[in-house]
Amino acid sequence: MSVKNLTNSTNSYTWIGIFISLFSITIINLIFKSLYGDQLVDGQMITREVLIFGMVGLLLFYIIPKENLTLDSIGLHNRDWKKSLMLAAVVFVVCIAAMLVCVEFSKLVGWKFGESKSFDLLSKPVIAFITIRAGVAEEIFMRGFLLERFTAITGKKWMAFLLSTIPFGLLHYPQGYAGILISTVAGGLFALFYFWKKDLKSNIIAHFLIDFIPNVLLV
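Residues numbered from 1 in each chain as written. Predicted model: local features only at pLDDT ≥ 70, side-chain atom pairs only at ≥ 80, totals over all residues. Heavy atoms only, no water.

To continue, consider the overall build of the chain. If you tally the helices and strands in the chain, you get eight helices and zero strands. Starting at the N terminus, the α and β elements of the chain follow one another as α-α-α-α-α-α-α-α. Rg of the C-alpha trace for the chain: 17 Å, near the compact-globule value of 17 Å for 219 residues, within the 12% margin. Relative to its full complement of 219 residues, the chain shows a buried share of 43%. Taking as baseline every contact in the chain between residues at least 6 positions apart, the subset at least 24 positions apart corresponds to 80%. With the model as given, the accessible surface of the chain reaches about 11,200 Å², and the carbon-plus-sulfur share is 69%. Each charge class in the chain was averaged separately, 19 positive and 14 negative side chains, and the resulting centres sit 7 Å apart. (Helix = DSSP H or I, 4+ residues; strand = E, 2+ residues; numbered from the N terminus. Rg over C-alpha atoms; globule rule 2.2 N^0.38 Å. Buried < 20%, exposed > 50% of the residue type's maximum accessible area, 1.4 Å probe, protein only. Contact = heavy atoms within 4.5 Å. Areas by Shrake-Rupley, 256 points an atom, 1.4 Å probe, with all protein chains shown as cover. Lys, Arg positive; Asp, Glu negative; His and termini not counted. Charge placed at Lys NZ, Arg CZ, Asp CG, Glu CD.)

Listed below in structure tokens is the structure:
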């Protein structure tokens, strides 16, 4: 899908999609925090995550019948799974290495990590479900959709990169300056890999593994 074709398809629904991609996760999280506090139990968390998945579904609805585009326009396709898995492994290793460097830098400058107890009351299956949602929703929103649409609107990949990566980092503000740095760097790498290969499923797999291994597998 060329930038020209994307530009021709950009309409009011595209801007709705941009709003959904930028703000829906934060709005849903704030609603549940205001209703139930910082620590949700399994049922509340599942409801929250299903609602976020619902916003993903709404975005995909806007892409196909409203923008009149295919999922290829956000890098989602069913081709070359073997290559996607290999690329996901590369993305995973590069992001983990970069994140470890950010951890050491944060320690060096005295930045503390924000402590979160949001998982304390949750079962492992629910935490695993969260990591799946994070990989799917955040990559579809912040990489696939925003990178493509902002590139089409501005005509500049670097601008799309900033408009996607900076908000992604700032969304992790509860984790403190260190968390913002790590998320911004990881988000920037995800964006660069997406621009390189236009294969969103490899990003989704790598993102899921980065969240799943420390929060579920190693706990």
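Our next topic: the nonpolar core. Core analysis: the largest hydrophobic core is formed by 38 residues, its most contacted members being Leu59, Ile140, Phe141, Phe145 and Leu146. Examining the composition of this core, we find that 12 residues originate from one element, helix 5 (residues 124-154), more than from any other. Not counting residues within four places of it along the chain, the set of residues in contact with leucine 146 comprises Ile18, Ser21, Leu22, Phe141, Thr151 and Ser164. Listed in part, the 14 residues of the second largest apolar core include Leu87, Met99, Ile182 and Phe193. (Core = buried A, V, L, I, M, F, W, Y, C linked by side-chain atoms within 4.5 Å.)

Another aspect to go through is the environment of glutamate 139. Structurally, the position occupied by glutamate 139 is in helix 5. Residue classification places glutamate 139 among the buried positions, given a relative accessible area of 0%. Between the alpha carbons of glutamate 139 and lysine 156 there is a distance of 20 Å; along the sequence they are 17 residues apart. Engagement of the side chain of glutamate 139 in a polar contact is seen with the side chain of arginine 143, the distance being 2.6 Å. (Polar contact = N/O pair within 3.5 Å; in protein donor to acceptor, adjacent residues only side chain to side chain.)

Tallied over the entire structure, the rule returns 10 salt bridges. Across the pair glutamate 139 and arginine 143 runs a salt bridge, and its minimum N-O distance is 2.6 Å. Placement of the pair is glutamate 139 and arginine 143 together in helix 5, with a separation of four residues, close to one helical turn. According to the relative accessible area criterion, arginine 143 is buried, its value standing at 0%. (Salt bridge = Lys/Arg side-chain N within 4 Å of Asp/Glu carboxyl O.)

This part is about helix 3 (residues 42-66). Compared with the 36 Å implied by 1.5 Å per residue over 25 residues, the 35 Å span of helix 3 between its first and last C-alpha is a close match. For helix 3, every residue scored as buried is listed here: Met45, Arg48, Glu49, Ile52, Val56, Leu59, Tyr62 and Ile63. Contacts made by the buried residues of helix 3 are with helix 2 (12-36) and helix 5. Looking one or two residues past helix 3, asparagine 68 carries a phi angle of roughly 60°, positive in sign. (Expected span 1.5 Å × (residues − 1).)

Glancing now at the confidence of the model for the chain. Detailed reading of the predicted coordinates is not advisable wherever pLDDT is low. On average, the chain scores 92 in pLDDT, and the residues at 70 or more come to 95%. Looking over the chain, one finds the lowest element-wise mean pLDDT in helix 1 (residues 3-9), namely 51, and the highest in helix 5, namely 97. (pLDDT = per-residue confidence, 0-100.)

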